[in-house]
Amino acid sequence: MKRLILISAAIFIFSTSCFGQSFFGNSGSIADVQQKLEYNAFKEYPVPLTGNFLERKLIYDWTKRWNVPDTVCYVYIFIGSNCIGYFITHGKPASTQSYLLPEYLSGSTSNNRETPDVDGTYGTNNPGYRFFLANGTAVECSGTMVSCIYSDAPLSLSAVEIKSVKTK
């Protein structure tokens with residue numbers, strides 16, 4: 001389909017440059033051609049209306065699931081593709097780049113201000129995570145090689161529980 005559109009555009013441009021006018025009328029600019037081709041493509045394949053907002057429902061359900069205080073969570077830590085173990089946590093992990101305030105410069109004249117996510121935090125959410133273990137120990141995992149999977153139930157991964165040794 002794209003090839004057909006490109007060939008049509010090439011023929012149009014060639015005919016416009018050779019004969020001084022467009023198949024579509026007197027407007028022969030590339031922008032006009034592109035706009036007309038896009039209109040025809042949209043007319044041929046319009047964006048379908050949907051009644052099943054599945055992605056929105058998933059985000060809604062996910063947000064509700066993790067909005068329960070004291071949720072037990074299982075956090076599996078990977079270095080590369082190797083699972084080195086898991087933690088049982090007190091609540092879900094949070095990105096190390098989630099913040100309580102937006103990161104725009106104070107005194108900025110820009111109207112493009114960062115808005116909070118549904119969890120009330122700001123930030124870009126990188127691969128690093130922080131969380132609390134059930135006994136209150138704070139844990140942060142970050143770095144380019146560290147990743148995690150978290151779940152509200154144990155997963156059947158071959159991993160050992162990593163327990164903290166709380167000292168005074």
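Residues numbered from 1 in each chain as written. Predicted model: local features only at pLDDT ≥ 70, side-chain atom pairs only at ≥ 80, totals over all residues. Heavy atoms only, no water.

Thoughts on the overall build of the protein
Within the protein, the secondary structure is distributed over three helices and six strands. Tracing the protein from N to C terminus, the helices and strands come up as α-α-α-β-β-β-β-β-β. Split into buried and exposed, the 168 residues of the protein put 21% on the buried side. Residue pairs in contact within the protein that sit at least 24 positions apart in sequence constitute 57% of those at least 6 positions apart. Working note: accessible area of the protein is about 13000 Å², and carbon and sulfur atoms make up 59% of it. (Helix = DSSP H or I, 4+ residues; strand = E, 2+ residues; numbered from the N terminus. Buried < 20%, exposed > 50% of the residue type's maximum accessible area, 1.4 Å probe, protein only. Contact = heavy atoms within 4.5 Å. Areas by Shrake-Rupley, 256 points an atom, 1.4 Å probe, with all protein chains shown as cover.)

Some words on the packing of aromatic side chains
Using the criterion set out here, one finds six aromatic pairs in the structure. Arranged with centres 6.4 Å apart and planes meeting at 45 degrees, the rings of Y74 and Y86 form a pair that is tilted. Residue Y74 is found in strand β1 (residues 72–79), and its partner Y86 is found in strand β2 (residues 82–90); the two are separated by twelve residues along the sequence. Y86 gets classed as buried once you look at its relative accessible area, which sits at 17%. A network of ring pairs unites the aromatic residues W62, W66 and Y150 as a single cluster. (Phe/Tyr/Trp six-rings, centres within 6.5 Å; stacked < 30°, edge-to-face > 60°.)

Regarding a nonpolar patch on the surface
Taken together, the side chains of L58, I59 and W62 define a hydrophobic patch exposed on the protein surface, amounting to about 310 Å² of accessible area. For L58, a relative accessible area of 52% puts it in the exposed group. (Patch = residues over 30% accessible without salt bridge, like charges linked within 9 Å, V, L, I, M, F, W, Y side chains within 5 Å. Salt bridge = Lys/Arg side-chain N within 4 Å of Asp/Glu carboxyl O.)

Some remarks on the nonpolar core
If you look at the biggest cluster of nonpolar residues, it comprises twelve residues: W66, C73, V75, I77, F87, F131, L133, V139, C141, V146, C148 and Y150. Elements with a contribution of two residues or more to this core: β1, β5 (138–141) and β6 (146–151). (Core = buried A, V, L, I, M, F, W, Y, C linked by side-chain atoms within 4.5 Å.)

Observations regarding the environment of G128
Structurally, G128 can be placed in the loop between β3 (94–95) and β4 (129–132). Distance from G128 to S95, taken between C-alpha atoms, is 5.7 Å for residues 33 residues apart in sequence. Those residues within four positions of G128 in sequence are excluded, and the remaining contacts are A94, S95, T96, C141 and S142.

With respect to the pairing of β2
In summary, the side chains of a regular strand alternate between the two faces of the sheet. As judged from the eight bridges shared by β1 and β2, these two strands associate in the antiparallel manner. Its bridge partner lying in β2, I77 is registered against G85. Where β1 folds back onto β2 in an antiparallel hairpin, the turn is made up of two residues, including G80, whose phi is positive at roughly 65 degrees. (Pairing = 2+ DSSP bridges.)

Concerning the confidence of the model for the protein
Of the residues in the protein, 70% have a pLDDT of 70 or more, and the chain-wide mean is 76. By mean pLDDT, helix α1 (residues 2–19) is the weakest element of the protein at 56, and β2 is the strongest at 89. (pLDDT = per-residue confidence, 0-100.)

So, the side chain of T71
Looking at where T71 falls in the secondary structure, it is placed in the loop between α3 (54–65) and β1. A distance of 2.6 Å separates a polar atom in the side chain of T71 from the backbone oxygen of V68. The residues contacting T71, other than those within four sequence positions of it, are R65, W66, T89, H90 and G91. (Polar contact = N/O pair within 3.5 Å; in protein donor to acceptor, adjacent residues only side chain to side chain.)

Some thoughts on the sheet that holds β6
The strands making up a sheet associate through hydrogen bonds between their backbones, and the pairing can be parallel or antiparallel. Ordered in space as β2-β1-β6, the three strands form an open sheet in which the pairing is antiparallel. Two strands close off the open sheet at either side, each with one partner strand: β2 and β6. Averaged over all adjacent pairs, the angle separating strand axes in this sheet is 25 degrees, with direction ignored. In this structure, β1 lies alongside β6, joined through six bridges in antiparallel fashion. By the bridge assignment for β6, Y74 is matched with S151. (Axes fitted to C-alpha atoms, helices over the stretch in contact; angles between N-to-C directions.)

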